[in-house]
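Breakdown of the fold
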Amino acid sequence: MATRETPERTTGDLIASIAGRVPMRNLHSQVLWQLGVAMVRGDYPEGSILPSDTELLARFSVSRTVLREALKTLAAKGMIEARARIGTRVLPRQRWNLFDSDVLAWHFETGPDVELLRSLAEIRIGVEVESAALAAARRTDEQAEALLACAGRMGEARTAEEFARTDLQFHRTVAEASGNPFMASISALVELALTAAFTISSPVEDEAAMRATVRAHGRIAEAIKAGNADEARLAMKAVITEGFGRAAGRMAVTEPTQKG
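The structure contained in this document is the topic of the report that follows.

How each quantity is defined
- Residues numbered from 1 in each chain as written.
- Predicted model: local features only at pLDDT ≥ 70, side-chain atom pairs only at ≥ 80, totals over all residues.
- Heavy atoms only, no water.
- Axes fitted to C-alpha atoms, helices over the stretch in contact; angles between N-to-C directions.
- Helix = DSSP H or I, 4+ residues; strand = E, 2+ residues; numbered from the N terminus.
- Left-handed = near helix turned anticlockwise from the far one by under 90°.
- Contact = heavy atoms within 4.5 Å.
- Nonpolar A, V, L, I, M, F, W, Y, C, P; charged D, E, K, R; others polar.
- Expected span 1.5 Å × (residues − 1).
- Buried < 20%, exposed > 50% of the residue type's maximum accessible area, 1.4 Å probe, protein only.
- Phe/Tyr/Trp six-rings, centres within 6.5 Å; stacked < 30°, edge-to-face > 60°.
- Parallel < 35°, antiparallel > 145°, perpendicular 65-115°, else oblique.
- Core = buried A, V, L, I, M, F, W, Y, C linked by side-chain atoms within 4.5 Å.

1. Describing the packing of helix 2 (residues 27–41) against helix 5 (residues 101–110)
Closest axis-to-axis distance for the helix 2/helix 5 pair is 9 Å, and the angle between their directions is 65°. Of the two possible hands of crossing, helix 2 and helix 5 adopt the one that is right-handed. Where helix 2 abuts helix 5, its residues Leu32, Trp33, Gly36, Val37, Val40 and Arg41 lie against Asp102, Ala105, Trp106, His107, Glu109 and Thr110. Residues that form the contact of helix 2 with helix 5 fall into these classes: six nonpolar, three polar and three charged.

Okay, here's the thing in structure tokens:
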């Protein structure tokens, strides 16, 4: 698809919408998105040389300045490296910045595998479990009440996006209540992992799962309000583990159909 056409809604657009950000629509962001998705999908394998500037300019119908800026952005994300007389090489995946919101969104656009979801759940457990424990010790009365109210609103959600926005606000509030600025900063990754997971599966689609998820978040909120760090840890881990299991289960059901 030429970048001058109106782009279809992407996973990145959905994530931006849930997170309350405006999706980028300029030519730079469109070229960046298409190249990034192509690399994640394997159209340009690790170690391969990207097509020449002339070929890419013809493909995207943009100015050389726009293309160069997109390539610079990919280089900053650890995905490519330009070398004189060789060209622009796609770097090994272990050098890609998976904490970058674009790089992670591109993985969800191409269809993440269960191992990526598992890795995201593990990093969330490493961060959010302790964040919940810190919140139990440091939260303000206002933050405690905000968490309880947020958990209550989750049960009133009627759409997957509405539920996701409320869920996201809940986890943001936990990060803020931890009183640790690094926790709040790392929560940007949590945001993306959380919102992107809703592109695969949402508890709104299952009444029993919805009730269980609301109760589980209420358990976190109650533990934080009570100042019970151990209970907050256990409750947060249970929420993350259950979310991973739901998404992985949905992928196991849909994958054979997609391949058939």
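That covers the picture; the talk isn't over yet.
2. Some points on helix 2
Helical geometry: 3.6 residues make up each α-helical turn, so side chains three or four residues apart lie on a common side. Over its 15 residues, helix 2 runs 21 Å from end to end, which matches the ideal 21 Å to within 8%, given 1.5 Å per residue. The element helix 2 is largely enclosed, with a buried count of 12 among its 15 residues. By the burial criterion, the buried members of helix 2 are Ser29, Gln30, Val31, Leu32, Trp33, Gln34, Leu35, Gly36, Val37, Ala38, Met39 and Val40.

3. Structural notes on the packing of aromatic side chains
Across all of its chains, the model carries one aromatic pair by this definition. Relative to Trp106, the ring of Trp33 has its centre 6.4 Å away and its plane inclined at 80°; by these criteria the two rings are edge-to-face. Placement of Trp33 in helix 2 and of Trp106 in helix 5 is noted, with a sequence separation of 73 residues between them. Note on Trp33: relative accessible area 16%, which makes it buried. Taking relative accessible area as the criterion, Trp106 reaches 0% and is therefore assigned buried.

4. Describing the packing of helix 2 against helix 4 (residues 64–76)
Working note: a packed helix pair is described by the angle between its axes plus the distance between those axes. Viewed as axis vectors pointing N to C, helix 2 and helix 4 meet at an angle of 50°, and their least axial separation amounts to 9 Å. Looking at the two axes, helix 2 sits oblique to helix 4. Note that helix 2 runs across helix 4; the crossing there is right-handed. Contact with helix 2, carried on its side by Leu27, His28, Val31, Leu32, Leu35, Gly36 and Met39, involves Val66, Leu67, Glu69, Ala70, Leu71, Thr73 and Leu74 of helix 4 and no other residues of that element. Among the residues forming the contact of helix 2 with helix 4, the class breakdown is 10 nonpolar, three polar and one charged.

5. Looking at the nonpolar core
Note that soluble globular proteins tend to have their nonpolar side chains buried in a common cluster. The biggest cluster of nonpolar side chains holds 30 residues, and the ones touching the most others in it are Phe170, Val174, Ile220, Ile224 and Met236. Residue assignment for this core shows that the elements contributing at least two residues are helix 5, helix 6 (114–138), helix 7 (141–154), helix 8 (160–177), helix 10 (207–226) and helix 11 (229–259). With sequence-adjacent residues up to four places away left out, Ile220 is seen in contact with Phe170, Ala235, Met236 and Val239. Among the nonpolar cores identified, the runner-up in size contains 27 residues, and Leu35, Val40, Val62 and Met79 belong to it.

6. A word on helix 4
A rise of 1.5 Å per residue sets the reference length of helix 4, with its 13 residues, at 18 Å; its end C-alpha atoms lie 18 Å apart and thus fit the reference within 8%. Packed against the buried residues of helix 4 are helix 2, helix 3 (53–60), strand 1 (80–83) and helix 5. Two residues or fewer after helix 4 comes Gly78, characterised by a positive phi angle close to 80°.

Geometric values such as these leave the question of function open.
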